[in-house]
Amino acid sequence: MVDALGVAVVGFGWMGRVHTQAYARLPHHYPRLALRPRLVTVADEVPGRAEEAAERFGFASATRDWREVAADPRVRAVSITAPNFLHREIGVAMAEAGKHIWIEKPVGLTAGDARAVADAVAEAGVQGTVGFNYRNAPAVEAARDLIASGGIGTVTHARLRLFSDYAAHPDSALTWRYERERGGSGVLGDLASHGADLARFLLGDIVSLTSDTAIFVPERARPAGATAGHALASGGEPGPVENEDYVSCLLRFASGARGVLEACRVSVGEQNNYGFEVHGTKGAVFWDFRRMNELGISRGTTYQDQPVSTVYVGPGAGEFAAFQPGAANAMGYDDLKVIEAYRFLRSVAEGTPYGATLADAVHSAAVLDAMARSAQRGSWVGVGHR
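Predicted model only: the values in this text are computed from it and were never measured.

So, the overall build of the protein
Here is step 1 of the chain: Within the protein, the regular secondary structure consists of ten helices and 17 strands.
Here is step 2 of the chain: Here the C-alpha radius of gyration of the protein, 21 Å, is about what a compact globule of 386 residues would show, namely 21 Å.
Here is step 3 of the chain: Seen through its C-alpha atoms, the protein measures out along the principal axes to roughly 65 × 55 × 40 Å.
Here is step 4 of the chain: Taking all 386 residues of the protein together, the buried fraction comes to 56%.
Here is step 5 of the chain: For the protein, restricting intrachain contacts to residue pairs at least 6 apart in sequence, the fraction spanning at least 24 positions comes to 70%.
Here is step 6 of the chain: In the protein, 38 positive and 43 negative side-chain charges are present, and the distance between their average locations comes to 4 Å.

With respect to the sheet that holds strand S15 (residues 294–299)
Here is step 1 of the chain: Spatially, S16-S15-S14-S13-S7-S12-S11-S8-S17 is the arrangement adopted by the nine strands of the open sheet, whose pairing is mixed. Strand pairing shows two members of the sheet lacking a second neighbour, strand S16 (309–312) and strand S17 (381–382), which therefore form its edges.
Here is step 2 of the chain: Across eight bridges, strand S8 (residues 206–214) lies against strand S11 (residues 246–253) in antiparallel orientation. Counted as the bridge partner of threonine 210 is leucine 250 from S11.

Quick look at the side chain of serine 208
Here is step 1 of the chain: For serine 208, the location among the structural elements is in strand S8.
Here is step 2 of the chain: Owing to a relative accessible area of 13%, serine 208 belongs among the buried residues under this scheme.
Here is step 3 of the chain: In contact with serine 208, not counting residues within four places along its chain, are Leu250, Leu251, Arg252, Trp380, Val381, Gly382 and Val383.

Re the packing of helix H5 (residues 111–124) against helix H10 (residues 358–377)
Here is step 1 of the chain: Where H5 contacts H10, the axes come no closer than 8 Å and their chain directions differ by 165°. With respect to their mutual orientation, H5 and H10 come out roughly antiparallel. Our pair here, H5 against H10, has a crossing hand that is left-handed. In this structure, H5 uses Ala111, Ala114, Arg115, Val117, Ala118 and Val121 to contact H10, whose residues at the interface are Leu358, Ala361, Val362, Ala365, Ala366 and Asp369.
Here is step 2 of the chain: Broken down by class, the residue content of the contact of H5 with H10 amounts to ten nonpolar, no polar and two charged.

So, empty space enclosed by the protein
Here is step 1 of the chain: Summed over all chains, the structure comprises four cavities of 30 Å³ or more.
Here is step 2 of the chain: In this structure, the second largest cavity occupies an estimated 40 Å³ of space.
Here is step 3 of the chain: Residue lining of the second largest cavity: Thr129, Val130, Phe132, Arg135, Asn136, Glu340, Arg343, Tyr354, Gly355 and Ala356, and that is the complete set.
Here is step 4 of the chain: Within the residue set of the lining of the second largest cavity, elements represented by two or more residues are strand S6 (128–130) and helix H9 (333–350).
Here is step 5 of the chain: Class assignment of the residues belonging to the lining of the second largest cavity gives a composition of four nonpolar, three polar and three charged.

So, the packing of aromatic side chains
Here is step 1 of the chain: For the coordinates displayed, the defined rule picks out 15 aromatic pairs.
Here is step 2 of the chain: Measuring from ring centre to ring centre gives 6.3 Å for phenylalanine 12 and phenylalanine 59, while their planes differ by 90°; the resulting arrangement is edge-to-face. Of this pair, phenylalanine 12 sits in the loop between strand S1 (3–10) and helix H1 (14–29) while phenylalanine 59 sits in the loop between helix H2 (49–57) and strand S3 (61–63), and the two are 47 residues apart along the sequence. Considered together, phenylalanine 12 and phenylalanine 59 belong to a single accessibility category, that of buried residues.
Here is step 3 of the chain: Taken together, a centroid distance of 5.5 Å and an interplanar angle of 90° make the contact between tyrosine 23 and tryptophan 102 edge-to-face.

Examining the sheet that holds S1
Here is step 1 of the chain: The strand order across the open sheet built from six strands is S3-S2-S1-S4-S5-S6, with neighbouring strands paired in parallel fashion. On the outer flanks of this sheet lie S3 and S6, each paired with one strand and no other. When strand polarity is set aside, the average angle formed by the axes of neighbouring strands in this sheet is 25°.
Here is step 2 of the chain: Summarising the sheet, strand S2 (residues 35–43) and S3 pair through three bridges and their orientation is parallel. When the sheet's bridge partners are listed, alanine 43 is paired in S3 with threonine 63.
Here is step 3 of the chain: Packed onto the sheet, helix H4 (residues 87–96) meets S1, strand S4 (77–80) and strand S5 (100–103) and runs at close to 175° relative to S4.

Examining helix H8 (residues 187–203)
Here is step 1 of the chain: Spanning 17 residues, H8 covers 22 Å between terminal C-alpha atoms, matching the ideal 24 Å at 1.5 Å per step.
Here is step 2 of the chain: At serine 193, H8 shows its strongest bend, of approximately 35°.
Here is step 3 of the chain: Of all 17 residues making up H8, 16 are buried, and the element is well covered by its neighbours.
Here is step 4 of the chain: Once H8 finishes, glycine 204 follows within two positions and takes phi at roughly 95°, a positive value.

Some remarks on the pattern of salt bridges
If charged atoms from side chains of opposite charge come close, those side chains can pair.
Here is step 1 of the chain: Tallied over the full model, the rule gives 24 salt bridges.
Here is step 2 of the chain: The salt bridge partner of arginine 74 is aspartate 72, with a shortest N-O separation of 2.7 Å.
Here is step 3 of the chain: The partner of aspartate 245 in a salt bridge is arginine 265, with the nearest N and O atoms 2.7 Å apart. Separated by 20 residues along the polypeptide, aspartate 245 in the loop between strand S10 (238–240) and S11 and arginine 265 in the loop between strand S12 (258–264) and strand S13 (273–280) bring together distant segments of the chain. One exposure class covers both aspartate 245 and arginine 265, and it is buried.
Here is step 4 of the chain: Three or more residues joined by partner-sharing salt bridges are found here, namely Arg135, Asp197, Arg200, Asp205 and Asp360.

Cut-offs used in this document
- Residues numbered from 1 in each chain as written.
- Predicted model: local features only at pLDDT ≥ 70, side-chain atom pairs only at ≥ 80, totals over all residues.
- Heavy atoms only, no water.
- Helix = DSSP H or I, 4+ residues; strand = E, 2+ residues; numbered from the N terminus.
- Rg over C-alpha atoms; globule rule 2.2 N^0.38 Å.
- Buried < 20%, exposed > 50% of the residue type's maximum accessible area, 1.4 Å probe, protein only.
- Contact = heavy atoms within 4.5 Å.
- Lys, Arg positive; Asp, Glu negative; His and termini not counted.
- Charge placed at Lys NZ, Arg CZ, Asp CG, Glu CD.
- Pairing = 2+ DSSP bridges.
- Axes fitted to C-alpha atoms, helices over the stretch in contact; angles between N-to-C directions.
- Parallel < 35°, antiparallel > 145°, perpendicular 65-115°, else oblique.
- Left-handed = near helix turned anticlockwise from the far one by under 90°.
- Nonpolar A, V, L, I, M, F, W, Y, C, P; charged D, E, K, R; others polar.
- 1 Å grid on protein atoms, 1.4 Å probe; cavity = no way out; pocket = protein on both sides within 12 Å on 5 of 7 lines; lining within 4 Å.
- Points joined across faces, edges and corners; volume = space filled by probe spheres on them.
- Phe/Tyr/Trp six-rings, centres within 6.5 Å; stacked < 30°, edge-to-face > 60°.
- Expected span 1.5 Å × (residues − 1).
- Bend = angle between axes of the 7 residues up to and from the residue.
- Salt bridge = Lys/Arg side-chain N within 4 Å of Asp/Glu carboxyl O.

Listed below in structure tokens is the structure:
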């Protein structure tokens, strides 16, 4: 017996569409899932955007006011894909209304925001899933298993990189993303939040760090109207970029391992260059998002001149079998969000968290706050997780 679960999407930019498509694909990849999502309503404050989404994707209704979603008894679960500065208000309100939430990272502008949503979810007894999608890649889960099993020995050091060019064009519109009050910490929240989550997912808690940040494009043109994604706005009134284009960070893990995390949103020539290299006393493991289904693995007892093998992950890794029948058949970005949607609905169905939770969001946000403090002070700082 499959039960219908009324779902809503709040904020219908690109990520709102990705969540909606993930819900639609769930029955195809997970036919035995005990819940089947039913698209009840979509909310977006931009005139006409919600109505267009309802017509295109089959929502039963549309609204410009997310508060109507909180009050709608048909809705039992909500995707929160609105801008960062709205995460706390919407997340807390939905939890208090008894809605399960699937919320995009970084869950607000600060660790305090993430904690407020986490506390509201815990108090309401609902489930909360967070959009740390890269940890859902089957190759990343295989890497974690390899590391945890001692397959590369004791981890000594790691490097995580998140380089992109989405803000590299000097005519990129001065949207909320570049404002401290609405966008928060710039590339820290956009990209380094994923790096912090991957670091902890693979290697455990980060206990201290030191970081440096920079703004490389200090001024951008204000858009004339509503924007979605990373639109251009040449010729508009110029305004200051208030948050970070770049961050580099040295990490110390509770295990004693060391790490480097670097993220940039204005890297000309880099398109979604996300990945990691983890080194141990007996080997290493390498992953590049652009070759999402591959791992580079070196292990053994040769130490010097030890070779690296390319391994194509297959049905035995993570959720790969729900998408492809054999190794080296490609999966893509949207598949990671289908996995995320599956784990969200499974959490709702079973009352047990699966996948990234609000606790993970709090840990990631605490690392981001520490990065900001360190860059301001020019010193090492501790990372507090509560």
